[in-house]
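In case you want the letters, here they are:
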Amino acid sequence: ISAKQDLTAVQKRKKMANAIFNQLANSIFLNTKYRIETRLQLWNAIIRAILTYGLNTTKLTNAEEEVVNKLTIRHMTKMFNPKKDNKQKTLDEWF
C-alpha cells in the first residue's frame, strides 16, 4: 500500500470519527453533567476506536500521525474548553 493510499485511509477514519463526535457532542462530550474523566473515557472508547481502527497494521507516517493528533487536539479543545474567549488562540493559530 502506498503512502498516498494510507493517508486516504487515515482521512477516511478521521472523517468518520469527526462525524460521530459531532453527532454525540451535545449529548455526551460537551455535556457537563458527566465528569471530565467519564467524557474522556467515552471519547477513547468511541472516537479513538473509530479513528485508529485498522491503522495499526502499518507504521503511520509523520503526516498521518499529524492528522490523527490534530483531530484529537480539536476534540479535546471542544470538550474541555467549550467557551473560547477572544484572548485564546484557535487550533489553526497553533499549527
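Details of the structure are given in the entry above.
Attention in this report is confined to the structure presented alongside it. Residue positions are counted from 1 within each chain, in the order its sequence is given. Side-chain atom pairs in this predicted model are given and counted only at pLDDT of 80 or more, local residue features only at pLDDT of at least 70, and totals for whole chains, interfaces and linings cover all residues. The side-chain quantities take in all heavy atoms of the structure and omit both hydrogens and water.

**A closer look at the overall build of the chain**
Note the cut-off: Segments assigned H or I by DSSP are reported as helices when at least four residues long, segments assigned E as strands when at least two residues long, and all are numbered from the N terminus. Note on exposure labels: buried denotes an accessible area under 20% of the residue type's maximum, exposed denotes more than 50%, and partly exposed covers the range between, all computed with a 1.4 Å probe on protein chains only. Two residues form a contact once any of their heavy atoms are found within 4.5 Å. For the accessible areas, the method is Shrake-Rupley and the probe is 1.4 Å, while residue cover comes only from the protein chains on display.
Helices and strands together make up the secondary structure of the chain, namely four helices and zero strands. Ordered by position from N to C terminus, the α and β elements of the chain give α-α-α-α. Across the 95 residues that make up the chain, the buried fraction comes to 25%. Put simply, 68% of the contacts in the chain that link residues at least 6 apart link residues at least 24 apart. A total accessible area of about 6900 Å² is found for the chain, and carbon and sulfur atoms account for 55% of it.

**Points about the nonpolar core**
Which entries qualify depends on this criterion: The set of buried Ala, Val, Leu, Ile, Met, Phe, Trp, Tyr and Cys residues whose side-chain atoms join them within 4.5 Å is what this entry labels a nonpolar core.
Ala 17, Phe 21, Phe 29, Trp 43, Ile 47 and Met 79 are the most contacted members of the largest nonpolar core, which totals 16 residues. Mapped by element, the contributors of at least two residues to this core are α1 (3-29), α2 (36-52) and α3 (62-80). At six residues, α1 tops the list of elements feeding residues into this core. Once residues within four sequence positions are removed from consideration, Phe 21 is found in contact with Phe 29, Trp 43, Ile 47, His 75, Lys 78 and Met 79.

**Structural notes on the pattern of salt bridges**
Rules: What counts as a salt bridge is simple: a side-chain nitrogen of Lys or Arg found within 4 Å of a carboxyl oxygen of Asp or Glu.
Applying the stated criterion across every chain yields a total of two salt bridges. The partner of Glu 37 in a salt bridge is Arg 35, with the nearest N and O atoms 3.5 Å apart. A relative accessible area of 56% places Arg 35 in the exposed class.

**Things to note about the side chain of Arg 39**
Heads up, the condition is: Counting rule for charge: Lys and Arg are taken as positive, Asp and Glu as negative, and neither His nor the chain ends is counted. Within 3.5 Å is the distance limit for a polar contact, defined as a pair of N or O atoms, with the added protein rule that one can donate a hydrogen and the other accept it, and that residues adjacent in sequence qualify only through two side-chain atoms.
Looking at the element boundaries, Arg 39 is found in helix α2. Within the buried set, Arg 39 has no salt-bridge partner at all; the shortest N-O distance to an opposite charge, 7.8 Å, is to Glu 37. Within polar-contact distance, the side chain of Arg 39 engages the backbone oxygen of Met 79 at 3.3 Å. Beyond its immediate chain neighbours, meaning those up to four positions away, Arg 39 contacts Ile 28, Phe 29, Leu 30, Asn 31, Tyr 34 and Met 79.

**Some details on a nonpolar patch on the surface**
Selection criterion: Patch members must show over 30% relative accessible area and no salt bridge, and they are joined within 9 Å when carrying like charges or within 5 Å when they are nonpolar side chains of Val, Leu, Ile, Met, Phe, Trp or Tyr.
A cluster of nonpolar side chains, Ile 36, Leu 40 and Phe 80, forms an exposed patch at the surface whose accessible area comes to about 240 Å². In this structure, Leu 40 sits in helix α2.

**Considering the packing of α2 against α3**
Condition: Working convention: axes come from line fits to C-alpha atoms, limited for helices to the stretch in contact. Angles between N-to-C directions cover 0 to 180 degrees. Under this scheme an angle from 65 to 115 degrees is roughly perpendicular, one under 35 degrees roughly parallel, and one over 145 degrees roughly antiparallel; angles in between are oblique. Helix crossings get a hand from a simple test, with the near helix turned counterclockwise from the far one by less than a right angle marking a left-handed crossing and a clockwise turn marking a right-handed one.
Two numbers describe how α2 lies on α3: the axes approach to 12 Å, and their chain directions differ by 150°. It follows that α2 is roughly antiparallel to α3 by the angle criterion. The element α2 and its partner α3 pack so that their crossing is right-handed. Contacts between α2 and α3 pair Ile 36, Arg 39, Leu 40, Trp 43, Ile 47, Arg 48 and Leu 51 from the former with Val 68, Leu 71, Thr 72, His 75, Met 76, Met 79 and Phe 80 from the latter.

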